[in-house]
Number of protein chains: 2
Amino acid sequence: MDADLDLLARRRLETTSQIHRAALDLFEAQGLRETTVQQIAQRAGISSRTFFRYFPVKEGAAFPVQGRLLASLGAVALDADASDLGAVLSAFADALDSAIQDAGDPDRHEHRRIAQLLAREPELETYVGAQDAEISAAVRARIGEARPDVDGLDAQVVGAVVAALWRVTWDRWGAEALAERAGEPVDVFRDARAAFSRTLG
Amino acid sequence: MDADLDLLARRRLETTSQIHRAALDLFEAQGLRETTVQQIAQRAGISSRTFFRYFPVKEGAAFPVQGRLLASLGAVALDADASDLGAVLSAFADALDSAIQDAGDPDRHEHRRIAQLLAREPELETYVGAQDAEISAAVRARIGEARPDVDGLDAQVVGAVVAALWRVTWDRWGAEALAERAGEPVDVFRDARAAFSRTLG
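Residues numbered from 1 in each chain as written. Chains lettered and ligands numbered in written order. Predicted model: local features only at pLDDT ≥ 70, side-chain atom pairs only at ≥ 80, totals over all residues. Heavy atoms only, no water.

## Overview of the side chain of Thr 35 of chain A
All names here are of chain A.
And step 1. Checked against the element boundaries, Thr 35 lands in the loop between helix H1 (2–30) and helix H2 (37–44).
And step 2. One polar contact links Thr 35 to Gln 30, side chain to side chain, over a distance of 3.2 Å.
And step 3. Excluding residues that lie within four positions of it along the chain, Thr 35 makes contacts with Leu 26, Phe 27, Gln 30, Ile 40 and Lys 58. (Helix = DSSP H or I, 4+ residues; strand = E, 2+ residues; numbered from the N terminus. Polar contact = N/O pair within 3.5 Å; in protein donor to acceptor, adjacent residues only side chain to side chain. Contact = heavy atoms within 4.5 Å.)

## Notes on the confidence of the model for chain A
And step 1. For chain A, mean pLDDT is 86; residues scoring 70 or higher make up 93% of the total.
And step 2. Taking the mean pLDDT of every element in chain A, the minimum, 81, falls on helix H6 (residues 108–120) of chain A and the maximum, 97, on H2 of chain A. (pLDDT = per-residue confidence, 0-100.)

## A look at the packing of helix H9 (residues 185–200) of chain A against helix H8 (residues 152–178) of chain B
And step 1. Contact geometry for H9 of chain A and H8 of chain B: axes closest at 9 Å, N-to-C directions at 65°. As summarised for this structure, H9 of chain A and H8 of chain B are arranged roughly perpendicular, according to the angle between their axes. Between H9 of chain A and H8 of chain B lies a crossing of right-handed hand. On the side of H9 of chain A, the interface is formed by Asp 191, Ala 192, Ala 195, Phe 196, Arg 198, Thr 199 and Leu 200 of chain A, while H8 of chain B contributes Leu 153, Asp 154, Val 157, Val 158, Ala 160 and Val 161 of chain B.
And step 2. In terms of residue class, the contact of H9 of chain A with H8 of chain B is made up of nine nonpolar, one polar and three charged. (Axes fitted to C-alpha atoms, helices over the stretch in contact; angles between N-to-C directions. Parallel < 35°, antiparallel > 145°, perpendicular 65-115°, else oblique. Left-handed = near helix turned anticlockwise from the far one by under 90°. Nonpolar A, V, L, I, M, F, W, Y, C, P; charged D, E, K, R; others polar.)

## Overview of H2 of chain A
Because each turn of an α-helix spans 3.6 residues, side chains separated by three or four positions end up pointing in the same direction.
Residue and element names in this part refer to chain A.
And step 1. All buried positions along H2 are accounted for by Val 37, Ile 40, Ala 41 and Ala 44. Along the axis of H2, the buried residues cluster in a sector spanning 95°; they form a single face. Of the exposed residues in H2, those oriented more than 90 degrees away from the buried face are Gln 38, Gln 42 and Arg 43.
And step 2. Phi for Gly 45, located one or two positions after H2, is positive at around 75°. (Buried < 20%, exposed > 50% of the residue type's maximum accessible area, 1.4 Å probe, protein only. Arc of directions from axis to C-beta.)

## Here we look at the UniProt feature "DNA-binding region" (unreviewed entry) in chain A
And step 1. In the UniProt entry, the feature "DNA-binding region" (unreviewed entry) is given for residues 36–55 of chain A.
And step 2. Helix makes up 75% of residues 36–55 of chain A and strand 0%, with an end-to-end C-alpha separation of 13 Å. (UniProt positions renumbered as here; feature names shortened; annotations may be inferred.)

## Digging into the pattern of salt bridges
Residues and elements named next belong to chain A.
And step 1. All chains considered together, the criterion is met by 20 salt bridges over all chains.
And step 2. The salt bridge involving Glu 145 is made with Arg 142; its shortest N-O contact spans 2.4 Å. Within this pair, Glu 145 and its partner Arg 142 are both found in helix H7 (residues 122–146), separated by three residues, close to a single helical turn.
And step 3. Taking the relative accessible area as the measure of exposure, Glu 145 reaches 55% and is therefore exposed.
And step 4. You can call Arg 142 buried: its relative accessible area is 17%.
And step 5. Taken together, the shared-partner salt bridges connect Asp 25, Glu 28, Arg 43 and Arg 113 into one network. (Salt bridge = Lys/Arg side-chain N within 4 Å of Asp/Glu carboxyl O.)

The following block contains the structure:
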């Protein structure tokens, strides 16, 4: 049973990755605007219908990590021991840390391609803004669910800070990647996290 | 000479406001997608060419405060006395506080219309995401200019936090406005600012 589930999860990851690579290839070769979902699906060897089970819009296929990230933020453990807001924020930052490590090595080259694409396609930047809103909403929802005692405004602020932390990490990593001097994404994340503490601590 | 400049600035503000009201009227009546720059310009009694001197795209006309906000963030005084990052952040937060107060009473009704429009037109949300990036970039540029001693990553983080603070304020004010219980925007801002301190202090 577990083995079956593993197999399913593995297949899902493989399909995600196929769609992602097909989308990147096409976005790079012919631009975002000229690329259709149908073209991406065809190149990935799936139907358009299957595509939409993985990504709501074509732009989403450029960022395959987003779905996993949202899932991990939505599962963060927040017990009553996380007594102050700083501890609540830390729990989400730890989840980001893990998510970035999981994205890991095999995707590194892909990240560089995404950074290049972002630099060339301003419309994708707009899409990244919408991702921030998703991250923020996921954090807020998780706090509301696991810690209903936390004030709504405070939950909203934690969500906004987590989204900002994620954004700063990838902006910076992207800039470094374009300059051909990008290190480990997780190191960039940890630097950014330390800078947030310096700014607001 | 000063009187002439005042007159120019006043005219500019009046034109901004005319364009904004025309855009809101049309977005409300026929939707964002169906509304063209030409229609907005015509309703505001100007040429399309003049429109583009005020706003880069039609969506921008829904948010007339953005230009003033960016200008005020770009002019923040940052002397060497602002010795830690918290003080740098405070200087920008003070500028937001003033900008929100300046937007003041006459615009309150407009803000409610914008909140309603945002709830109805998801595409505008995406545009709001792009505004966050503009705010963040303006803060970063100002720090680079006035305080070249501040580390680049730290400047980026201050920018991200200022943008997040602005976003939380308007999200919250918008939600309150839709529920017909919105108070002073500046009060919402100050609550949000306090929540940021609680989260990260």
